[in-house]
Amino acid sequence: VLDSLLAQYGTVENCEQVNTDTETAVVNVTYANKDHARQGLEKLNGYQLENYSLKVTYIPDEMAAQQAPTQQLQPQPQQQHPQGSPGAAARPKPQSEVPLRMLVPTQFVGAIIGKEGATIRNITKQTQSKIDIHRKENAGAAEKPITIHSTPEGCSTACKIIMEIMQKEAQDTKFTEEIPLKILAHNNFVGRLIGKEGRNLKKIEQDTDTKITISPLQDLTLYNPERTITVKGSIEACAKAEEEIMKKIRESYENDIAAMNLQAHLIPGLNLNALGLFPPSSSGMPPPSVGVSSPTTSAAYPPFAVRTEKLLGQNMASRPWSALAST
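Being a predicted model, the structure only gives us computed values, none of them experimental. The residue numbers shown here count from 1 along each chain, following its written sequence. Predicted model: local features are reported for residues with pLDDT of at least 70 only, side-chain atom pairs are reported and counted for 80 or more only, and whole-chain, interface and lining totals are derived from all residues. Values shown for side chains rest on all heavy atoms present in the structure; no hydrogens or waters enter the calculation.

Student: Which residues make up the overall build of the protein chain, and what values go with them?
Tutor: From N to C terminus, the protein chain includes ten helices and twelve strands. Within the protein chain, the proportion of its 327 residues that are buried is 52%. In the protein chain, the proportion of contacts linking residues at least 24 apart, taken out of those at least 6 apart, comes to 65%. Residue burial considers only the protein chains on display, and all accessible areas are found by Shrake-Rupley using a 1.4 Å probe. Of the roughly 15000 Å² of accessible surface on the protein chain, 50% is carried by carbon and sulfur atoms. Numbered from the N terminus, helices here are DSSP runs of H or I no shorter than four residues, and strands are runs of E no shorter than two. Exposure is judged per residue with a 1.4 Å probe applied to protein chains only, and the accessible area is read against the type maximum: over 50% gives exposed, under 20% gives buried, and values in between give partly exposed. A contact between two residues is defined here by any heavy atoms of the two lying within 4.5 Å.

Student: Outline the nonpolar core, listing residues and values.
Tutor: To qualify as a nonpolar core, a set must consist of buried Ala, Val, Leu, Ile, Met, Phe, Trp, Tyr and Cys residues joined through side-chain atoms within 4.5 Å. Grouped together as the largest cluster of nonpolar side chains are 44 residues, with contacts concentrated most on Ile112, Ile148, Ile162, Ile229 and Ile245. Of the residues forming this core, the biggest block, nine residues, is contributed by helix H5 (residues 152-172). Counting residues in hydrophobic clusters, the runner-up holds 15 residues, among them Val27, Val29, Leu44 and Val56.

Student: Explain the packing of helix H6 (residues 187-194) against helix H7 (residues 199-208) residue by residue, including any values.
Tutor: Axes, fitted as lines to C-alpha atoms, cover a helix only where it is in contact. Angles between the N-to-C directions of the axes lie from 0 to 180 degrees. In contact at an axis separation of 5 Å, H6 and H7 are set at 70° when each is read in the N-to-C sense. Here H6 is positioned roughly perpendicular relative to H7, judged by the angle of their axes. Residue-level contacts link Arg192, Leu193 and Ile194 of H6 to Arg199, Asn200, Leu201 and Ile204 of H7. Nonpolar residues are Ala, Val, Leu, Ile, Met, Phe, Trp, Tyr, Cys and Pro. Charged residues are Asp, Glu, Lys and Arg, and all others, Gly as well, are polar. In terms of residue class, the contact of H6 with H7 is built from four nonpolar, one polar and two charged. Oblique is the label for any angle not under 35 degrees, not over 145, and not in the 65 to 115 range, which are roughly parallel, roughly antiparallel and roughly perpendicular in turn.

Student: Report on the side chain of His134, specifying residues and quantitative values.
Tutor: Here His134 is to be found in the loop between strand S7 (130-133) and strand S8 (143-149). Separated by 3.5 Å, the side chains of His134 and Arg101 make a polar contact. What qualifies as a polar contact is a pair of N or O atoms within 3.5 Å, subject to a donor-acceptor requirement within protein and to the restriction that residues adjacent in sequence count only when both atoms come from side chains. Here Thr147 takes part through its side chain, which lies 2.8 Å from a polar atom of the side chain of His134.

Student: Describe the environment of Ile148, and please don't skip the residues or the numbers.
Tutor: Here Ile148 shows up in strand S8. Relative accessible area serves as the criterion here: at 0%, Ile148 is assigned to the buried category. Residues within four places of Ile148 in sequence aside, it is in contact with Pro99, Leu100, Met102, Ser129, Lys130, Ile131, Cys155, Ala158, Cys159 and Ile162.

Student: Could you give me a rundown of the confidence of the model for the protein chain, with the residues and numbers involved?
Tutor: Per-residue confidence for the protein chain gives a mean pLDDT of 74; residues scoring 70 or more make up 66%. One number per residue, pLDDT, summarises how confident the predictor is, and it ranges from 0 to 100. For the stretch residues 62-70, pLDDT sits under 50, and the model shows 21 contacts to residues farther than four places along the chain or on other chains.

In C-alpha cells, the structure reads:
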C-alpha cells in the first residue's frame with residue numbers, strides 16, 4: 001500500500017525506517033530528485049492512511065550543505081521520542097554507509113538513555129550522530145541492540161562513551177561480571193574480517209591487546225543475518241579494536257558495492273537495494289528524501305522486511321523493505 005502510494009510522485013530509490021521505540025514510526029523515503037520529493041511533500045501532507053493522518057515536514061540535511069533538503073512524514077498524533085530520533089528536524093543527520101551496531105546488557109539501557117533522555121542527547125550532540133536504542137526488540141532479552149549512524153570517527157567516539165557509561169553503572173550497582181564490547185555485523189562481511197586462517201582477526205587481537213570471538217553460523221536466521229563479535233579487554237583496548245573491526249567491515253561493504261555496481265552494468269535493471277545485504281544508503285550524502293510514518297515498532301539492519309509485515313498488513317517477511325520501495 002505504502003509503496004504504490006509513494007511511487008505515484010516519482011522514483012523511489014530507498015525506504016528506511018529510522019525509529020522503533022514509539023507507536024509512531026518514522027520512515028525516510030529517498031526519491032530520485034528534489035522535484036519528486038517536493039511533490040510527495042505537497043500531495044502526502046494530511047493524507048489519510050489506515051486511519052492515520054500523515055504529516056510531512058522537511059528535515060534540513062546539514063551534511064548536504066546547500067543541496068536540497070530532506071522531507072519527513074509522520075502520522076498524527078506524534079509522540080515524543082526520548083532518544084531524540086528523527087522527530088527533531090533541526091538536528092544534523094551525519095550518516096556513514098555502515099552504521100555501528102552494538103549489543104548492550106538490558107540493565108544498562110536506562111543509564112545510557114539517562115534521565116528524560118539527557119545522556120543519550122549529550123552523546124548524539126557530542127558525536128554528531130543519530131543513535132537508536134531498540135528497547136522493544138526481543139522482549140525479556142538480556143541484551144538490546146543499539147544502532148549508531150555517524151562518521152566512522154563519530155561511531156567510535158559514541159561507542160567508547162557508551163562503554164564508559166556501562167562501566168560506571170556496573171561499579172555503582174556492584175555488577176561484578178565483565179562487560180565485553182559486542183558488535184553486530186552482517187554475515188556477508190564477517191569472513192573477510194576473520195581473514196584466511198583467521199589472520200586478520202589475530203592481527204587485530206595482537207595490535208589492540210584484546211580477545212575476540214564471533215558467534216557461530218548456526219545462530220543465523222532469515223530474520224537475523226547478523227553475527228555477534230565479542231571483544232574483551234580494557235575500554236581503551238576495546239575502542240581500538242572497534243575501530244579496526246569496523247574499518248574491515250566498511251572495506252568489505254565498499255568492495256561489495258563496487259562489485260555489484262559492475263554487475264549492474266551487465267544486468268540492466270538490477271536493483272542493489274533489493275538484495276537487502278547492505279545498509280539503506282550507499283552514499284555518504286543522501287539525496288532528497290521524504291520520511292513516511294505508519295504504526296510499527298520493529299527494526300533491523302540491514303533493512304529486512306521483518307518490519308514491513310505490520311506496516312503493510314501482509315505476510316511479506318521474506319522480502320527486503322528496500323525491494324518493496326523500488327518495485
